[in-house]
Amino acid sequence: MTQPIESTTATAAARVGSAEDLDLELTPGKPPILRVGESVSPDDLQDWVGERRESLESALLHHGAVLIRGLGVSDAAALDRISARFLASAMPETEAFARRRPLGGAVVSSLEWPADQPMCMHHELSYALRFPRLLVMGCFAPSLLGGVTGLADAQAMLAELPAPIVERFAAEGWLLTRLYNNLVGVTWMEALDAADRASAEKYCRANGIAFEWQPDGGLRTSQRRSAVIRHPLTGNRVWFNQIAFLNEWTMEPAVREYLVSQFGALGLPFNSRYGDGSPIEAETVEAVNKAYEAVTLREPWQAGDLLLVDNIRMAHSREPFTGQREVGMVLGAPVRLADCSPTHHPDIFS
């Protein structure tokens, strides 16, 4: 069922100025931490968050993320109750690159990504025309080693990046290409929630995605999106894309070599390019990842942690880990790209 889109003007002013109600622990290199001293029963978790909703929203507008420690969010049921109170509405994921496990209610697992490989900085659904403004994450079981969810300020990225990179991507946007097959990642049926070709084509046309069916039944798509947008509530410019995460030069060299040997240079399951379609140089991807590293905030997960993230303001990552790690997530407060001052509007396909 289609969820309502959040109004980009409603109550924004009311949230501003109440963040000081929270006793946030601000430490360089770490996200803001709100420590909960009192014991909160599982049945009262949603009320605890609900009573502080405006202050938490204000803190997110100011800082981009808040880690709440000591609340004791032990399972998906608790996270689902909290998200139902905190978010205006939850939203499903579309155009996914990897699978998530449903954990109950609106809660899903982290992406099923190899534990020994990093998941680079990204904003959820930054390539879509509709994406979540807010993310609610809960740690049910931390990993033995590693597994940190890093956070990077997308406003700070614009100052950290070399100016020519920002200028070119702001002018041209970025192009995402995908080749759906039955060997790597999710199928086009899963990603587009389409039962047949006609449904897939309808989705692509409605979402500014060019498509081409392959002889083997696979689907090749491409879509141009803005690389720099404005936050719908603050109006601040942000570096909002997955240019580095989805680029071939971010892949492990052995993985890239294998995929190229199997599918050819143009047959990678996904890749990012400049908006005009030309390849992105390895040095540019390296510069983007270097800038992300310079502005990354880190704090290891503890069991029961609750992390609130402004998905437009902050990119996030996942470091390699060992042991069992269970982090749940709810995507919510959906907004439209059209409400974020995009530099490139979606192409129209008849």
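Everything that follows concerns the structure shown earlier in this document.
Residues numbered from 1 in each chain as written. Predicted model: local features only at pLDDT ≥ 70, side-chain atom pairs only at ≥ 80, totals over all residues. Heavy atoms only, no water.

Colleague: Honestly, the overall build of the protein in this entry has me stumped. Any pointers?
Modeller: Counting its secondary structure elements, the protein contains ten helices and 20 strands. Taken against the 2.2 N^0.38 rule, which gives 20 Å for 350 residues, the C-alpha radius of gyration of the protein at 20 Å falls within 12% of a compact globule. Dimensions of the protein, computed from the C-alpha atoms along their principal axes, are close to 60 × 40 × 40 Å. The buried share among the 350 residues of the protein stands at 53%. Sequence separation of 24 or more characterises 81% of the internal contacts of the protein that already satisfy a separation of 6 or more. In the structure as shown, the protein presents an accessible area of about 15,100 Å², 53% of it carried by carbon and sulfur atoms. (Helix = DSSP H or I, 4+ residues; strand = E, 2+ residues; numbered from the N terminus. Rg over C-alpha atoms; globule rule 2.2 N^0.38 Å. Buried < 20%, exposed > 50% of the residue type's maximum accessible area, 1.4 Å probe, protein only. Contact = heavy atoms within 4.5 Å. Areas by Shrake-Rupley, 256 points an atom, 1.4 Å probe, with all protein chains shown as cover.)

Colleague: Teacher, can you tell me more about the pattern of salt bridges here?
Modeller: Pairing between side chains becomes possible if they bear opposite charge and their charged atoms approach one another. Scanning the entire structure with this criterion turns up 22 salt bridges. Where glutamate 319 meets arginine 298, a salt bridge forms, and the shortest distance between an N and an O atom there is 2.5 Å. Here glutamate 319, found in the loop between strand 18 (314–318) and strand 19 (321–322), pairs with arginine 298, found in the loop between strand 16 (296–297) and strand 17 (306–310); they are 21 residues apart in sequence, far enough to count as distant. By relative accessible area, which is 22% here, glutamate 319 ends up partly exposed. According to the relative accessible area criterion, arginine 298 is partly exposed, its value standing at 30%. One network of salt bridges, in which partners are shared, links Lys30, Arg69, Glu299 and Asp305. (Salt bridge = Lys/Arg side-chain N within 4 Å of Asp/Glu carboxyl O.)

Colleague: Can you walk me through the sheet that holds strand 9 (residues 151–153) in this structure?
Modeller: Sheets are built from strands paired through backbone hydrogen bonds, the pairs being either parallel or antiparallel. If you walk across this open sheet you meet the four strands as 6-18-9-16, and the pairing is antiparallel. Edge positions in the open sheet fall to strand 6 (119–122) and strand 16, since each of these has one partner strand only. Strand direction decides the pairing type here: strand 9 and strand 16, joined by two bridges, are antiparallel. Among the inter-strand pairings, alanine 152 is bridged to a residue of strand 16, identified as threonine 296. (Pairing = 2+ DSSP bridges.)

Colleague: Even after reading the chapter, I still don't get empty space enclosed by the protein, so can you show me in this structure?
Modeller: One simple way to see leftover space: roll a probe sized like a water molecule over the atoms. In this structure the tally under the stated criterion is three cavities of 30 Å³ or more. Each pocket or cavity is described by its volume, and for the largest cavity that value is around 120 Å³. Lining the largest cavity are 14 residues; nearest its centre among them are Ser110, Met119, His316, Arg318 and Met329. Of all the secondary structure elements, the ones that give two or more residues to the lining of the largest cavity are strand 6, strand 18 and strand 20 (326–336). For the lining of the largest cavity, the element with the highest residue contribution is strand 18, accounting for three residues. Split into classes, the residues belonging to the lining of the largest cavity amount to five nonpolar, five polar and four charged. Taken as a whole, the second largest cavity spans an internal volume of roughly 100 Å³. In terms of lining, the second largest cavity is formed by 16 residues, of which the most central are Phe97, Leu111, Tyr127, Gln242 and Phe245. A class-by-class count of the residues in the lining of the second largest cavity yields ten nonpolar, three polar and three charged. (1 Å grid on protein atoms, 1.4 Å probe; cavity = no way out; pocket = protein on both sides within 12 Å on 5 of 7 lines; lining within 4 Å. Points joined across faces, edges and corners; volume = space filled by probe spheres on them. Nonpolar A, V, L, I, M, F, W, Y, C, P; charged D, E, K, R; others polar.)

Colleague: How should the nonpolar core be read in this particular structure?
Modeller: Within soluble globular proteins, side chains that are nonpolar tend to cluster in buried spots. Residues Phe131, Phe169 and Trp239 are the most contacted members of the largest nonpolar core, which totals 64 residues. With five residues, helix 10 (residues 282–295) is the largest single contributor of residues to this core. Within the second largest apolar cluster, 29 residues are counted, among which are Ala78, Leu79, Val107 and Phe140. (Core = buried A, V, L, I, M, F, W, Y, C linked by side-chain atoms within 4.5 Å.)

Colleague: Looking at this model, I keep getting lost on the layout of surface pockets. Mind explaining?
Modeller: Each pocket or cavity is described by its volume, and for the second largest pocket that value is around 520 Å³. As for the second largest pocket, its lining consists of 23 residues, of which Trp113, Pro114, Gln117, Val184 and Phe270 are closest to the centre. For the lining of the second largest pocket, the secondary structure elements donating two or more residues are strand 10 (174–180) and helix 9 (253–263). Element by element, the count of residues in the lining of the second largest pocket is highest for strand 10, at three residues. Here the lining of the second largest pocket is built from residues that sort into 16 nonpolar, three polar and four charged.

Colleague: Is there a simple way to think about the packing of aromatic side chains in this case?
Modeller: What characterises a pair of aromatic rings is the spacing of the ring centres plus the angle enclosed by the ring planes. In this structure the tally under the stated criterion is seven aromatic pairs. Ring geometry for phenylalanine 97 against tyrosine 127: centres 5.2 Å apart, planes inclined by 80°, an arrangement best described as edge-to-face. Of the two residues, phenylalanine 97 sits in the loop between helix 4 (76–86) and strand 4 (102–104) while tyrosine 127 sits in the loop between strand 6 and strand 7 (130–141), which places them 30 residues apart along the sequence. An identical accessibility class is assigned to phenylalanine 97 and tyrosine 127; each is buried. (Phe/Tyr/Trp six-rings, centres within 6.5 Å; stacked < 30°, edge-to-face > 60°.)

Colleague: Got a minute to help me understand the sheet that holds strand 1 (residues 24–25) in this structure?
Modeller: Strand order in the open sheet made by the eight strands is 1-2-3-17-7-20-5-4, with mixed pairing throughout. Edge strands, defined here as strands with exactly one partner in the open sheet, are strand 1 and strand 4. Two strands pair when backbone bridges link them, and strand 4 and strand 5 (residues 107–109) are joined in this way by two bridges, in the antiparallel orientation. Each bridged residue has a counterpart across the sheet, and for glycine 104 the counterpart in strand 5 is valine 107. Together, strand 1, strand 2 (33–35), strand 3 (65–69), strand 7 and strand 17 form the strand contacts of helix 3 (residues 53–63), whose direction differs from that of strand 3 by roughly 130°. (Axes fitted to C-alpha atoms, helices over the stretch in contact; angles between N-to-C directions.)

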